[in-house]
Amino acid sequence: MLNDLEIARQVQLKNIDEIAATIGLGPQDIDHYGDYKAKIRYSTLSKIENNPYGKLILVSAITPTPAGEGKTTVSIGLSQALNQVGKKSIVAIREPSLGPVFGIKGGAAGGGWSQVLPMEDINLHFTGDFHAITAATSTSAGNEVTPVLVCTNTCWPGSMV
């Protein structure tokens, strides 16, 4: 049986513009982060705000199985299944914590045949949002300014998030 990395290495990645086109978005509707990653621009929402057919499925607060299948794997698998039955579906995921970098937790790119690629980018830097938050927090701490952050758990002023 192939492990996650072996499966990922076999896949020919699609350009993000090709993926965006499957849901009716053009290059002008997304902010590119290389050839394989992008964020949907906020202004794009005005194009679809009157679309009566859009649905949102939020996958949250899942305790991973012993094999490590958690929110990302379920989200990707669900989107793959919807596409398989002819529905237009994509997955929007957030940048993961730094847990995978330090070996504290599994990666945040799914697993098996339900992965988001390129996994190295996702687990190490993705679009740079997490780095921007930590840099801003560290800068604020260095200037003796208490940063105001919305946290789901305990935060210490002046610490890296």
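Presented here is an overview of the structure given in this document. (Residues numbered from 1 in each chain as written. Predicted model: local features only at pLDDT ≥ 70, side-chain atom pairs only at ≥ 80, totals over all residues. Heavy atoms only, no water.)

## Describing the overall build of the protein
Condition: Here a helix means four or more residues in a row that DSSP labels H or I, a strand means two or more in a row labelled E, and each is numbered from the N terminus. We call a residue buried when its accessible area falls under 20% of the maximum for its residue type, exposed when it is over 50%, and partly exposed in between, using a 1.4 Å probe and counting protein chains only. For this analysis, residues touch if any pair of their heavy atoms sits within 4.5 Å.
Scanning the protein from N- to C-terminus turns up 6 helices and 4 strands. When the elements of the protein are put in sequence order from the N terminus, they spell out α-α-β-β-α-α-β-β-α-α. A buried classification covers 24% of the 161 residues belonging to the protein. A fraction of 42% describes how many contacts in the protein between residues 6 or more apart in sequence connect residues 24 or more apart.

## Observations regarding a nonpolar patch on the surface
Here is the rule we go by: Patch membership needs two things, relative accessible area over 30% and no salt bridge, and members are linked within 9 Å if like-charged or within 5 Å if nonpolar (Val, Leu, Ile, Met, Phe, Trp, Tyr). Areas reported as accessible are Shrake-Rupley estimates using a 1.4 Å probe. Residue values count occlusion only from the protein chains shown. We define a salt bridge as a side-chain nitrogen of Lys or Arg found within 4 Å of a carboxyl oxygen belonging to Asp or Glu.
Taken together, the side chains of L2, V11 and W113 define a hydrophobic patch exposed on the protein surface, amounting to about 300 Å² of accessible area. Tracing the sequence through the fold places L2 in the segment before α1 (4-10).

## Here we look at the side chain of S79
Examined against the element boundaries, S79 turns out to sit in helix α4 (residues 71-84). Those residues in contact with S79 that sit more than four places away from it in its chain are S89, I90 and V91.

## Some thoughts on the pattern of salt bridges
Throughout the structure, instances matching the rule amount to 2 salt bridges. Where D29 meets K47, a salt bridge forms, and the shortest distance between an N and an O atom there is 2.8 Å. Taken as a pair, D29 in the loop between α2 (16-21) and β1 (30-32) and K47 in helix α3 (residues 45-48) lie far apart in primary sequence, 18 residues in all. D29 sits in the buried class, given a relative accessible area of 5%. Between R41 and D31 there is a salt bridge whose closest N-O contact spans 2.5 Å.

## Remarks on the environment of S114
Looking at where S114 falls in the secondary structure, it is placed in strand β4 (residues 114-115). It is 5.5 Å that separates the C-alpha atoms of S114 and I76, two residues lying 38 residues apart in sequence.

## Some details on α4
Going by this rule: Helices are assigned an expected span. That span is 1.5 Å times one less than the residue count. The arc under discussion is defined with respect to the helix axis, by the directions toward the C-beta atoms.
With 14 residues, α4 extends 20 Å between its outermost C-alpha atoms, agreeing within 8% with the 20 Å of an ideal straight helix rising 1.5 Å per residue. Looking only at α4, the buried set comprises T72, T73, S75, I76 and S79. Seen along its axis, α4 keeps its buried residues to an arc of 165 degrees; they face one direction. Following α4 by one or two positions, G86 adopts a phi angle in the positive range, close to 90 degrees.

## Some remarks on the environment of N3
Quick note on the threshold: Under the rule applied, a polar contact is a pair of N or O atoms within 3.5 Å (in protein, one hydrogen donor and one hydrogen acceptor; residues adjacent in sequence only if both atoms are side-chain atoms).
As for its position among the elements, N3 is in the segment before α1. Among the residues examined, N3 registers a relative accessible area of 41% and is labelled partly exposed. Taking the C-alpha atoms as reference points, N3 and G112, separated by 109 residues in sequence, lie 6.8 Å from one another. For N3, the side chain forms a polar contact with the main-chain nitrogen of E6, separated by 2.8 Å.

Remember that the coordinates give geometry; whether it matters functionally is a separate question.
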